[in-house]
Amino acid sequence: MDASQTYILISIIVLLIIALLVVFVKRNKKVKPLTPLAGLAFGFILAGIAFGDDRRVGYSLMGIGVAITIVDIVRKVRKNE
C-alpha cells in the first residue's frame, strides 16, 4: 500500500466516524430528503472521485457536481425568501 492509498483509507475512516456521529446526534430530528439536484450533484462528485485516474475527467465531473450544488443552494435561498 503506497502513501496515496493510505491517505485515502484514513480519509474514508474519518468520514465514517463523522457520519456515525451525525447519525447519533440527529437521531430524533426530522431529516429533509435530498433534492433531485443535490442527488445529481452528489453523483457527479462520486463519479469524479471514481474516475480520478484521468485528471481532466475527474476534475471536470467534480466541477460539474460543485456547480450543480451551487445552483441548488441558490434555488433554496431564493425559495425561502
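Overview of the structure.

What counts as what
Residues numbered from 1 in each chain as written. Predicted model: local features only at pLDDT ≥ 70, side-chain atom pairs only at ≥ 80, totals over all residues. Heavy atoms only, no water. Axes fitted to C-alpha atoms, helices over the stretch in contact; angles between N-to-C directions. Helix = DSSP H or I, 4+ residues; strand = E, 2+ residues; numbered from the N terminus. Parallel < 35°, antiparallel > 145°, perpendicular 65-115°, else oblique. Left-handed = near helix turned anticlockwise from the far one by under 90°. Contact = heavy atoms within 4.5 Å. Nonpolar A, V, L, I, M, F, W, Y, C, P; charged D, E, K, R; others polar. Salt bridge = Lys/Arg side-chain N within 4 Å of Asp/Glu carboxyl O. Buried < 20%, exposed > 50% of the residue type's maximum accessible area, 1.4 Å probe, protein only. Expected span 1.5 Å × (residues − 1). Patch = residues over 30% accessible without salt bridge, like charges linked within 9 Å, V, L, I, M, F, W, Y side chains within 5 Å. Areas by Shrake-Rupley, 256 points an atom, 1.4 Å probe, with all protein chains shown as cover. Arc of directions from axis to C-beta.

Attention now goes to the packing of helix H2 (residues 36–50) against helix H3 (residues 55–80). Interhelical geometry of H2 versus H3 gives an angle of 160 degrees and a closest axis separation of 7 Å. By the angle class used here, H2 and H3 are roughly antiparallel. The interaxial crossing formed by H2 with H3 has left-handed handedness. Only Gly-58, Leu-61, Met-62, Ile-64, Gly-65, Val-66, Ile-68, Thr-69, Val-71, Asp-72 and Arg-75 of H3 make contact with H2, whose side of the interface consists of Leu-37, Ala-38, Leu-40, Ala-41, Phe-44, Ile-45, Ala-47, Gly-48 and Ile-49. Among the residues making up the contact of H2 with H3, the classes are represented as 14 nonpolar, four polar and two charged.

Attention shifts here to the pattern of salt bridges. Side chains that carry opposite charge are capable of pairing whenever their charged atoms lie near each other. Throughout the structure, instances matching the rule amount to one salt bridge. Across the salt bridge formed by Lys-76 and Asp-72, the nearest N and O atoms sit 3.9 Å from each other. One end of the pair is Lys-76 and the other is Asp-72, both in helix H3 and four residues apart, which spans about a single turn. Classification of Lys-76 by relative accessible area gives partly exposed; the value is 42%. The class of Asp-72 is buried, set by a relative accessible area of 8%.

To continue, consider H3. Since the α-helix advances by 3.6 residues per turn, residues separated by three or four positions end up pointing in the same direction. In this model H3 runs 37 Å from its N-terminal to its C-terminal C-alpha over 26 residues, within 8% of the 38 Å that 1.5 Å per residue would give. Considering only its buried residues, H3 is in contact with H2.

Examined against the element boundaries, Gly-65 turns out to sit in helix H3. Expressed as a C-alpha distance, the spacing of Gly-65 and Ala-38, which sit 27 residues apart in the sequence, is 8.7 Å. Beyond its immediate chain neighbours, meaning those up to four positions away, Gly-65 contacts Ala-41, Phe-44 and Ile-45.

Now for a nonpolar patch on the surface. Together, Tyr-7, Ile-10, Val-14, Leu-15, Ile-18 and Val-22 give the surface a local cluster of nonpolar side chains, amounting to about 590 Å² of exposed area. With respect to the helices and strands, Tyr-7 occurs in helix H1 (residues 3–25). Tyr-7 gets classed as exposed once you look at its relative accessible area, which sits at 59%.

Attention shifts here to H2. Its 15 residues place the ends of H2 21 Å apart at the C-alpha level, agreeing with the 21 Å of an ideal helix rising 1.5 Å per residue. Along H2, the residues classified as buried are Ala-38, Ala-41 and Gly-48. Buried residues of H2, viewed axially, fall in a sector of 80 degrees; they line one side. Structural note: H2 exposes Pro-36 and Ala-50 on the side pointing more than 90 degrees away from its buried face. Buried-residue contacts for H2 involve H3.

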